[in-house]
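Single-letter residue listing:
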Amino acid sequence: MQIAMYEQKRISLTEEFPKFTSREIAIDQIKKRGQKRAYTCPFCEEFLTLRAGSMNEPHFAHIRGKSCLMSQAYEQYEKQINRESSNHSVIRDVIYDDLSTQGKYKPDLKVEHGFQAKLKENWKIVPDIVVKKGSQEFGISILTNVHQKGDENLVKLIRKRQKYFKEKELDVIWFVEDRELSVDLTYRVLFLWESEILLTSKTPWDCKWENLVHELSINDTYPLHEVFNYHGRTELTNDVRSLYYVNSNQDEITFSVYRMILDELNSPYRAFAISTGYNIQLSEALVIEDQLRLANDDLEERHMALFRSDFANALHIMMQEYKETYVPNIIQKSASLSPQTRVAKQKTVRKIKEDLEVVHWDDGTVSYLINKLKRGYITEEDVIKLEYYLRHNRELVVFKGWELRDIQAMATSALGRIDDPKVRIHLVEIEEL
Ligand SMILES: [Zn+2]
């Protein structure tokens, strides 16, 4: 295995090697220390030595050549996470520590590493973490390196793991590292990889959203997704699902949550964005009730209220439009309207959305503007756009991972660099939002 206890700390070879000037020296030194009993097994405390031959990757082995059961389980897990980025273990350990801390004051809560929890049952595949709450049990799995390259293989791997967990009757929540997700809120569309589709979950808040979707879908003439300007490729269900991204930057880990209704399950994959997504702090996301909370209740309520009012406003305009365009008795189901009418309708919906409190721009535009501000070289045109966007959306506090106060701090620092009074006016406005 790659890990050992050394001077009372758990170390791993991948982290140790770079501390030496060359790989040969590292192997030589670690071998020597091992022969002098410097390393022990984190599980059974037996002494470990370094094995480094031409056939195998350097690894620690038990001194009597017989490894303990736990280290065997760990070795199997090491193979399982071989494809992951170095962030994987960082994210896993932070989540594990946070949940373990909760376990200290919740007597019915037990948090274990997956390989540890399933050792006796000898599971071939394990989630990274297993949480037991009373009689309930669920797993947490983190996936990194989720992108187009290798999507096909990853899809196979995820299917295999999900099938295995299903057979074992274990619910698993998946976290995907970073945001591979691309959203365009003008059309309420999420563009996804197939692997991301597979990793969606169903949580209590998804069920609440489902009720709302159901309530607003009563009217057949105006399907919900059309009112929201989403171009469905198939008949959409009411099945709301969520996708959790985990972002690790420097020493902070945050989660972001997206709720969606999946569209046709064929490439290119897309989904109807139900909520517009937001960030949650670790301490908030990982609160264990019956399941992980994974939501900010307050923000969810606000997003729901907004969804309801966006719907009402857009529907009102659509109905006005129909009254003007058609004699009542030839109103058809909107799905069968001619292309020209559909275009006209979209324009109206978009125009109205700009009059609403919240404006939906695609993430690309927003992060482009924020990055300009961050670098302190923002033009008058761009700063006007950014101020407009922030002013309309400040209730939501979702700006591609930045909170409003971060952006305000960027405005303050840009004021120190930018002399143009036309730009400065707007920077001050942003500071004072
Ligand atoms: Zn051992």
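Small disclaimer: the values here were computed from a predicted structure and weren't measured.

Chemist: Tell me about the overall build of the protein, residues and numbers included.
Modeler: Within the protein one finds 16 helices and 15 strands. Expressed as a percentage of the 433 residues in the protein, the buried residues total 49%. Residue pairs in contact within the protein that sit at least 24 positions apart in sequence constitute 64% of those at least 6 positions apart. For the protein, the accessible surface area stands at approximately 22600 Å², while carbon and sulfur atoms represent 49% of it.

Chemist: So what about the nonpolar core? Which residues, and what values?
Modeler: With 52 residues, the main nonpolar core has Ile 30, Phe 60, Leu 181, Leu 190, Leu 192, Leu 243 and Met 260 as its most contacted residues. When residues of this core are sorted by domain, at least three fall in each of domain 1 (3-71) and domain 2 (87-202 + 236-285). In contact with Leu 190, not counting residues within four places along its chain, are Leu 181, Ser 182, Val 183, Tyr 258, Met 260, Tyr 269, Arg 270, Ala 271 and Ala 273. With 50 residues, the next largest nonpolar core counts Leu 99, Phe 175, Val 257 and Leu 292 among its residues.

Chemist: An account of the coordination of the zinc ion is needed here, citing residue identities and associated values.
Modeler: For the zinc ion, the protein coordination sphere consists of Cys 41 (SG), Cys 44 (SG), His 62 (NE2) and Cys 68 (SG), at 2.1 to 2.3 Å. For the zinc ion, the 4 donor atoms in the first shell make angles of 103 to 115 degrees at the metal, a pattern classed as tetrahedral. Counting residues between consecutive donors of the zinc ion along the chain gives the motif C-x2-C-x17-H-x5-C. Taken together, the positions of Cys 44 in the loop between strand S3 (39-40) and strand S4 (47-51) and Cys 68 in the loop between strand S5 (59-62) and helix H3 (69-80) put the pair 24 residues apart, joining distant regions of the chain. Look at Cys 44 and you get partly exposed, because its relative accessible area is 36%. Residue classification places Cys 68 among the buried positions, given a relative accessible area of 15%.

Chemist: Quick rundown of helix H15 (residues 404-415)? Include the residues and the values.
Modeler: Taking 1.5 Å of rise per residue, 12 residues should cover 16 Å, and H15 covers 17 Å from first to last C-alpha, within 8% of that figure. Elements that come into contact with the buried residues of H15 comprise helix H13 (363-375), helix H14 (380-393) and helix H16 (421-431).

Chemist: So, empty space enclosed by the protein: which residues are in play, and what are the values?
Modeler: All chains considered together, the criterion is met by 3 cavities of 30 Å³ or more. When its volume is computed, the second largest cavity comes out at roughly 60 Å³. Lining of the second largest cavity is provided by Gln 80, Ile 81, Glu 84, His 88, Val 126, Pro 127, Asp 128, Ser 141, Ile 142, Leu 143, Arg 161 and Trp 174. By residue number, the principal contributor to the lining of the second largest cavity is strand S8 (residues 136-143), which donates 3 residues. Among the residues forming the lining of the second largest cavity, the class breakdown is 6 nonpolar, 3 polar and 3 charged.

Chemist: Before we move on, could you go through the pairing of strand S9 (residues 171-177) and cite the residues and values that matter?
Modeler: The buried count for S9 comes to 6 of 7 residues, which makes it a mostly enclosed element. In the sheet, S8 pairs with S9 via 6 bridges, with the strands oriented parallel. The residue of S9 that forms the bridge with Ile 142 is Phe 175. Of the strand pairs in this sheet, S9 and strand S12 (residues 240-249) are connected by 3 bridges, and their pairing is parallel. Within S12, the residue paired with Glu 177 across the bridge is Val 246.

Chemist: Lay out the layout of surface pockets with the relevant residues and their values.
Modeler: Here the largest pocket defines a volume of roughly 1200 Å³. What lines the largest pocket is a set of 34 residues, and nearest its centre among them are Gln 2, Thr 14, Tyr 74, Glu 78 and Ile 81. Contributions of two or more residues to the lining of the largest pocket are made by strand S2 (9-12), helix H1 (13-16), H3 and helix H4 (87-105). With 8 residues, the single largest contributor to the lining of the largest pocket is H4.

Chemist: How would you summarise the pattern of salt bridges if you had to cite specific residues and measurements?
Modeler: A complete count under the given rule lists 25 salt bridges for this structure. The partner of Arg 391 in a salt bridge is Glu 429, with the nearest N and O atoms 2.8 Å apart. With Arg 391 in helix H14 and Glu 429 in helix H16, the pair connects residues that are 38 residues apart, well separated along the chain. Overall, Arg 391 belongs to the partly exposed group, its relative accessible area being 34%. Relative accessible area serves as the criterion here: at 31%, Glu 429 is assigned to the partly exposed category. Residues joined by salt bridges that share partners form a network here, namely Lys 118, Glu 121, Lys 132 and Glu 137.

Definitions and limits used
- Residues numbered from 1 in each chain as written.
- Predicted model: local features only at pLDDT ≥ 70, side-chain atom pairs only at ≥ 80, totals over all residues.
- Heavy atoms only, no water.
- Helix = DSSP H or I, 4+ residues; strand = E, 2+ residues; numbered from the N terminus.
- Buried < 20%, exposed > 50% of the residue type's maximum accessible area, 1.4 Å probe, protein only.
- Contact = heavy atoms within 4.5 Å.
- Areas by Shrake-Rupley, 256 points an atom, 1.4 Å probe, with all protein chains shown as cover.
- Core = buried A, V, L, I, M, F, W, Y, C linked by side-chain atoms within 4.5 Å.
- Domains from an automatic or database assignment.
- Donors = N, O, S within 2.8 Å, 3.2 Å for Na, K, Ca; no water.
- Tetrahedral: all angles 85-135°; square planar, octahedral: opposite > 155°, others 65-115°.
- Expected span 1.5 Å × (residues − 1).
- 1 Å grid on protein atoms, 1.4 Å probe; cavity = no way out; pocket = protein on both sides within 12 Å on 5 of 7 lines; lining within 4 Å.
- Points joined across faces, edges and corners; volume = space filled by probe spheres on them.
- Nonpolar A, V, L, I, M, F, W, Y, C, P; charged D, E, K, R; others polar.
- Pairing = 2+ DSSP bridges.
- Salt bridge = Lys/Arg side-chain N within 4 Å of Asp/Glu carboxyl O.

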